Number of protein chains: 2
Amino acid sequence: MKKIYIVGLGPGGDIFMTGQARQAIADSSVVVGYDLYVQLIADLPEMAGKTVASTPMKQEVARCEAALSYALEGRTVSMVCSGDSGVYGMAGIVMEVAQGHPEVEIEVVPGITAACSGAAVLGAPLTHDFAVISLSDLLTPWEKIEKRLRLAADADFVICLYNPSSKKRKDYLARACAEILPFRDGATPCGWVKNIGRDGQESRVLTLSELAQEQVDMFTTVFIGNSQTKVVNGRLCTPRGYRV
Amino acid sequence: MKKIYIVGLGPGGDIFMTGQARQAIADSSVVVGYDLYVQLIADLPEMAGKTVASTPMKQEVARCEAALSYALEGRTVSMVCSGDSGVYGMAGIVMEVAQGHPEVEIEVVPGITAACSGAAVLGAPLTHDFAVISLSDLLTPWEKIEKRLRLAADADFVICLYNPSSKKRKDYLARACAEILPFRDGATPCGWVKNIGRDGQESRVLTLSELAQEQVDMFTTVFIGNSQTKVVNGRLCTPRGYRV
């Protein structure tokens, strides 16, 4: 059987992996992934004896082609990703690269995405409708990102921002907050979490006005509350509407 | 120590649980939850010897008060929820109920939410920005839900619908599609998954026009593609924008 698992590892160490993810790796003879993610799981018992093909960042298509050629040789492959394999993950691109080979079975194994793992650190910001938006304009025009920010703010979604900053995009979080502030009170509770589930995890609860001034890095996930979000014992809480 | 874990179990059987979730249950002496979810994990080795306090549906506040009183007695409690404990889950309401007792430590343990587990079944619909909207108007006015649907459609978010139907709300999915159709082609690829990760799992890929005619139940999660979503070998794929 020709098979590729696309495996979400969750945010950090192996305690965030599901049983299904560990089983997929155990069933594979090859593990393909970005160097850092492969290192995170190098000590798992399921990794013993695997062929490991790690590739640098920004080589996404090459990584998928490597996975596909192992699968076409008849080997079972796990392509590993951090977080969920389907949320800005590799699942889509593997499907596109393997499109001409419908005989290769592709199984997507979900993992805990940063929206969920980061929310858990901050309390309960996502207990009502929410939008997830990446601020990376590498593959999406900034105008489209701005429009999504404005409409999500107008819709009163809790907003979760992925890739809020990078060396070349230091002011993007401030620009995103500037799109949201016309629709939402500057005192709206917000938060960020850095290095979720990894060494050096940090987090902060702050207001939207403060967030607009904050410097965060590319390993950070940002949460912007809706009109009902409040701070309960120092943590974010978006009420669902039960009478407490 | 007075502690409540709020534990997301993922969609179904224990293969979707993380190591962190199993460890939280192992660390607890009491497990509190809705009957069905407690039954799903009854055979886990970590459940041996636990006090189990299961409560019927729609008793959410009573369930949190039960968890709080066990914690105040000094017992470590796991409140279990299906999916993620923070996405329309119990994390927020536990925080509100326990607000007057800051000495009770509350730890949110994330799980795989239906947006992620359902997306994995259908392929890769969520590889770009997305919005998660519940169609339940039990706790949210329908006008607010309609506005969110319209703005999410205008923003070209992939849209994931929770609680798309119930006995009393048979036409809600059709009404939701009617809000979205002015902004999005009737041929837009969509999909639904029922009983994710459980016995009787079913799924279908269909167009937005077909979805507007479809009858689904309350155990179903619905996905509506964005303007770029396509069908690849029978499954949903939202391209991220890499040149393949």
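Reading guide: rules and limits
- Residues numbered from 1 in each chain as written.
- Chains lettered and ligands numbered in written order.
- Predicted model: local features only at pLDDT ≥ 70, side-chain atom pairs only at ≥ 80, totals over all residues.
- Heavy atoms only, no water.
- Least-squares fit on C-alpha atoms with pLDDT ≥ 70 in both.
- Contact = heavy atoms within 4.5 Å.
- Salt bridge = Lys/Arg side-chain N within 4 Å of Asp/Glu carboxyl O.
- Helix = DSSP H or I, 4+ residues; strand = E, 2+ residues; numbered from the N terminus.
- Buried < 20%, exposed > 50% of the residue type's maximum accessible area, 1.4 Å probe, protein only.
- pLDDT = per-residue confidence, 0-100.
- Disulfide = S-S within 2.5 Å.
- Pairing = 2+ DSSP bridges.
- Domains from an automatic or database assignment.
- Buried area = accessible area lost by both parts, 1.4 Å probe.
- Nonpolar A, V, L, I, M, F, W, Y, C, P; charged D, E, K, R; others polar.

K.L.:
Sorry if this is basic, but what is going on with the relation of the copies chain B and chain A here?
P.N.:
Relating one copy of the chain to the other requires a rotation about an axis plus a shift along that axis. In the superposition of chain B on chain A (RMSD 0.0 Å, axial shift 0.0 Å), the rotation amounts to 180°. As the rotation angle and translation indicate, the two copies are arranged about a two-fold axis. Both copies contact each other with a shared surface, as 100% of the interface residues of chain B are interface residues in chain A too.

K.L.:
Just checking my understanding: could you explain the pattern of salt bridges for this structure?
P.N.:
Charged atoms that come close allow side chains of opposite charge to pair. Taken as a whole and assessed by the stated rule, the structure comprises 26 salt bridges over all chains. Note that B:R148 is salt-bridged to A:D156, the shortest N-O span being 3.7 Å. With B:R148 in helix α6 (residues 142-154) and A:D156 in the loop between α6 (142-154) and β8 (158-162), this pair bridges two chains. For the pair B:R148 and A:D156, one class covers both residues: buried. Salt-bridge contacts for A:K230 lead to B:E96; the nearest nitrogen and oxygen are separated by 3.0 Å. You can see A:K230 sitting in strand β12 (residues 230-232) and its partner B:E96 sitting in helix α4 (residues 91-97), one on each of two chains. A residue is classified by how much of its surface remains accessible, and B:E96, at 14% relative accessible area, is buried. Within this structure, A:D129, A:D156, A:R184, B:K144 and B:R148 form a network of salt bridges that share partners.

K.L.:
What's the story with the confidence of the model for chain A in this structure? I'm lost.
P.N.:
For chain A, the average pLDDT comes to 95, and 100% of its residues sit at 70 or higher. Scoring of the predicted complex yields 0.97 for pTM and 0.97 for ipTM.

K.L.:
Sorry if this is basic, but what is going on with the state of the cysteines here?
P.N.:
Defined simply, a disulfide is a covalent bond joining two cysteines at their sulfur atoms. Inspection of every chain in the model, using the stated rule, returns 0 disulfides over all chains. With no disulfide of its own, A:C190 has A:C177 as its nearest cysteine by sulfur position, at a separation of 6.8 Å. B:C81 carries a free sulfur, and the closest cysteine sulfur to it, the one in B:C64, is 8.6 Å from it.

K.L.:
Before we go on, may I ask you to explain the sheet that holds β12(A) in this structure?
P.N.:
The strands making up a sheet associate through backbone hydrogen bonding, with each pair oriented either parallel or antiparallel. One open sheet accounts for 3 strands, arranged β6-β13-β12 (chain A); its pairing is mixed. The sheet is open, and its two edges are formed by β6 (123-124) and β12 of chain A, each paired on a single side.

K.L.:
What's the story with the domain arrangement of chain A in this structure? I'm lost.
P.N.:
A common way to state how big an interface is: give the accessible area lost once the parts meet. All names here are of chain A. Structurally, chain A comprises domain 1 (3-112) and domain 2 (115-237). Contact with domain 1, which involves 12 residues of that partner, is made by 10 residues of domain 2. Together domain 1 and domain 2 conceal approximately 760 Å² of surface at their shared face, both sides included; 66% is due to carbon and sulfur atoms. The largest contributions to the domain 1 side of the interface with domain 2 come from P11, Y88 and I112, which together make up 55% of the buried area. Between the two partners, domain 1 and domain 2, sit 0 salt bridges. Taken together, the residues that form the side of domain 1 that touches domain 2 break down as 9 nonpolar, 3 polar and no charged.

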